[in-house]
Amino acid sequence: MYASLLLLLNQTIRMRTFLALLPDPDLALAIDAWATRTYPVVPRRVAIQNLHMTMCFLGDINSQQHQSLERQLGSLVVEPMEFSLNSVGFFPVSGALWLGCESIPDGFSQLVGKCRRVANKAGIRVEKREAMPHFTLARRVGEPVSSPLEAPEFVFLANELSLLSSRLTPDGPVYETLMSC
């Protein structure tokens, strides 16, 4: 009975998760400083510690899926990729202002595919929408913002994938890195 209760408990504990590429602290500071200069009055800015490039949104997963996912991620190889962050855009449906790249680096689509396969092997169903490399700078902006006064020119060298959890608070989401590979 104890074992079945523990199994039930493990299946009901859920956390919201995603796989992402994280900028190093110097790049995060530079992006934040540029965004502050370029868009000083944009509401609902993403906190500097939350800057990330989502590779695969996993949604709510249970403890068993989390453990399986960590095992699967242990064998995942992330080839280094260089992103030239040089464009700004706006997603009308979500109202998100983003920093991205005009040219998607080789290997990006393959890494997205690897992330989806790892998730599927862990029993997690994921959306198969087209992935676009970007950092969200602000959410629910409401309307498109003007072109930046200062063009973005950042280089993001990504060589590590992170599994993050997201906890929603009244002050916004709080992300925690659960694992990196």
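Being a predicted model, the structure only gives us computed values, none of them experimental.

K.L.:
Help me out: how do you make sense of the pattern of salt bridges in this one?
P.N.:
A side chain with one charge may pair with a side chain of the opposite charge, provided their charged atoms come close. One pass over the structure, following the stated rule, counts three salt bridges. For Arg-45, the salt bridge is made with Asp-32, and the minimal N-O distance between the two is 3.3 Å. Of the two residues, Arg-45 sits in the loop between helix H2 (25-38) and strand E2 (53-62) while Asp-32 sits in helix H2, which places them 13 residues apart along the sequence. Accessibility expressed as a relative area gives 29% for Arg-45, which makes it partly exposed. Exposure remark for Asp-32: the relative accessible area of 24% places this residue in the partly exposed category. Of the charged contacts in the structure, one is a salt bridge between Arg-37 and Glu-150, with a shortest N-O distance of 2.8 Å. Of this pair, Arg-37 sits in helix H2 while Glu-150 sits in the loop between strand E6 (134-138) and strand E7 (154-158); the two residues are 113 residues apart in sequence, bridging distant segments of the chain.

K.L.:
I would appreciate a short explanation of the sheet that holds strand E1 (residues 14-21) in the present structure.
P.N.:
Strand-to-strand pairing in sheets goes through backbone hydrogen bonds, with the strands running parallel or antiparallel. Pairing is antiparallel in the open sheet, where four strands are placed in the order E2-E1-E8-E9. Strands at the two margins of the open sheet, each flanked by one partner only, are E2 and strand E9 (172-180). The sheet shows a mean angle of 30 degrees between the axes of neighbouring strands, direction not considered. Sheet analysis places E1 next to strand E8 (residues 161-169), joined by six bridges and oriented antiparallel.

Definitions and cut-offs
Per chain, residues are indexed from 1 in the order of the written sequence. Local features in this predicted model are restricted to residues whose pLDDT is 70 or higher, and side-chain atom pairs enter the listing and the counts only when it is 80 or higher, whereas totals over whole chains, interfaces and linings include all residues. Side-chain descriptors were evaluated using all non-hydrogen atoms of the structure, hydrogens and water having been removed beforehand. Each reported salt bridge corresponds to a side-chain nitrogen of Lys or Arg within 4 Å of a carboxyl oxygen of Asp or Glu. Each helix is a run of DSSP H or I of at least 4 residues and each strand a run of E of at least 2, with the numbering of both proceeding from the N terminus. To sort residues, take the accessible area from a 1.4 Å probe on protein chains only and compare it with the maximum for the residue type: under 20% means buried, over 50% means exposed, and anything in between is partly exposed. DSSP bridges decide pairing: two strands pair if at least two such bridges lie between them. Only the stretch in contact is used when a helix axis is fitted, and all axes are lines through C-alpha atoms; the angle between N-to-C directions ranges over 0 to 180 degrees.

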